[in-house]
Structures are given as structure tokens and as C-alpha cells.
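Single-letter residue listing:
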Amino acid sequence: MPKHAVRLYSMVAEAAMMVLSINSPHFSDLLNSLEIEIEPHDWNGHPDSLPKNNRAIVIASAASVCSWDELARSCAEHGHFLLCNDRYVRSDGSLNDKLESAFKTWLGKEGA
């Protein structure tokens, strides 16, 4: 039985796990090692369509309908973990290579 079930928002929910394994293999391995069960959800690429009260993992996409900075700010405001190609995206839009520690910190916060 998984330790945590976490929502994951991506442009194509049915392909979310495949996208993770190809674009973010380290993160995919981390989810498995932490026994995280992913609940994939479709996302239309706009920050307003992400949940406001439930934190989630969001896979950044070039098809997003907003600026990179707007997406990063919105995800940070609502407590989402924004992921782009095995890197955590900070609230200022910069990429953080310390994916594992950033995710474990995020996972340990209430509401994950």
C-alpha cells in the first residue's frame, strides 16, 4: 500500500506516468522509492485551472497558456510542486537541481 497518494496535473493525464519516466526519470524513480501513488488529472495549461485548496504536482509544459513566470508564481501561491525535466521550478521561475530534497520538503508539508 502506498504511503501517499498525490495528485498530478499534466496536459494529458493518461500519459502522465510515461511523460514522467521519459522526461523526469529521476523524479519517477523518487516517486517509486517513496511509495507515492500518483492520481493523474488533466490540465488545460492555464494556472487558473489548477486546484486552489489541494496541493499537487504539476508538470510544466511548453504548451502552457501563460508565461513561465506566471505559472511558477501561481504554483507557489497554491503550494503546488512544479516540475520540469527532473528539476523543481522555484516561485521565481528558476530551476533547482536539488529535486529530491525539494520534493521531500514539499511532501512533508501539510496538505500534500
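All values derive from a computational prediction rather than experimental measurement.

The rules behind the values
Residues numbered from 1 in each chain as written. Predicted model: local features only at pLDDT ≥ 70, side-chain atom pairs only at ≥ 80, totals over all residues. Heavy atoms only, no water. Core = buried A, V, L, I, M, F, W, Y, C linked by side-chain atoms within 4.5 Å. Buried < 20%, exposed > 50% of the residue type's maximum accessible area, 1.4 Å probe, protein only. Helix = DSSP H or I, 4+ residues; strand = E, 2+ residues; numbered from the N terminus. Contact = heavy atoms within 4.5 Å. Pairing = 2+ DSSP bridges. Axes fitted to C-alpha atoms, helices over the stretch in contact; angles between N-to-C directions.

**Re the nonpolar core**
Part 1: Phe27, Leu31, Ile36, Ile57, Phe81 and Phe103 are the most contacted members of the largest nonpolar core, which totals 19 residues.
Part 2: Listing elements by their share of this core, those giving two or more residues are β1 (4-10), α1 (16-23), α2 (25-33), β2 (36-42), β3 (57-59), β4 (81-84) and α4 (99-108).
Part 3: Sorting elements by how many residues they give to this core places α4 first, with five residues.
Part 4: Each residue touching phenylalanine 81, except ones within four places of it in the same chain, is listed here: Phe27, Ala56, Ile57, Val58, Tyr88, Leu99, Ala102, Phe103 and Trp106.
Part 5: Counting 13 residues, the second largest nonpolar core, distinct from the first, contains Tyr9, Trp43, Ala72 and Leu82.

**Quick word on the side chain of serine 28**
Part 1: Along the polypeptide, serine 28 turns up in helix α2.
Part 2: The residues contacting serine 28, other than those within four sequence positions of it, are Leu20 and Ser21.

**Considerations on the sheet that holds β1**
Part 1: Spatially, six strands are ordered β2-β1-β3-β4-β5-β6 in an open sheet, and the strand pairing comes out mixed. In this open sheet, the two edge strands, each paired with only one partner strand, are β2 and β6 (95-96).
Part 2: In terms of strand pairing, β3 meets β4 through three bridges, oriented parallel. In the strand pairing of β4, isoleucine 59 is matched with leucine 83.
Part 3: Contacts from helix α3 (residues 68-77) reach β3, β4, β5 (87-89) and β6, with the element oriented near 145° to β4.

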